[in-house]
Amino acid sequence: MRGVFAGLTVTIEHVVESGDLVAVRSVGRGVHAGPLLGVEGTGREVEFRASDFHRLAGGRIVRTWHVEDYFGIATQIGLEFTRGA
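The structure contained in this document is the topic of the report that follows.

Rules used throughout
Residues numbered from 1 in each chain as written. Predicted model: local features only at pLDDT ≥ 70, side-chain atom pairs only at ≥ 80, totals over all residues. Heavy atoms only, no water. Salt bridge = Lys/Arg side-chain N within 4 Å of Asp/Glu carboxyl O. Helix = DSSP H or I, 4+ residues; strand = E, 2+ residues; numbered from the N terminus. Buried < 20%, exposed > 50% of the residue type's maximum accessible area, 1.4 Å probe, protein only. Pairing = 2+ DSSP bridges.

## Comments concerning the pattern of salt bridges
- On inspection of all chains with the given rule, the structure shows five salt bridges.
- For Glu13, the salt bridge identified is with Arg25, shortest N-O distance 3.1 Å. On the criterion of sequence distance, the pair formed by Glu13 in strand β1 (residues 5–18) and Arg25 in strand β2 (residues 21–32) is long-range, its members being 12 residues apart.
- Classification of Arg25 as partly exposed rests on a relative accessible area of 34%.
- Between Arg29 and Glu47 there is a salt bridge, with its nearest N and O atoms 2.9 Å apart. With a gap of 18 residues between them, Arg29 in strand β2 and Glu47 in strand β3 (residues 45–57) connect regions that are remote in the sequence.
- Assessed through its relative accessible area of 34%, Arg29 is described here as partly exposed.
- One continuous salt-bridge network, built from bridges that share partners, spans Glu13, Arg25, Arg29, Glu47 and Arg49.

Structure, rendered in structure tokens:
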């Protein structure tokens, strides 16, 4: 993502722990400077959210599930979606 979004910052908004699971909600911000999803850099400022879920064992992350709002990113860089027939 750093090659796509100039000045990328990621801010952790929430961390929730339950047993051996840790959930992290974050927001990324940067300027669309490189190709992504078939769109060359647009110079647009982009903000996107992500959620990560980590399973811990022995004080280490042993499994991670990561979800990013690619639809939100796509619309911010100018991709248009049409309803299929």
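## Regarding the pairing of β1
- Relative to β2, β1 is paired through 11 bridges, and the arrangement is antiparallel. Each bridged residue has a counterpart across the sheet, and for Ser18 the counterpart in β2 is Leu21.
- Hairpin connection of β1 to β2: two residues between the antiparallel strands, including Gly19 at a positive phi of 60°.

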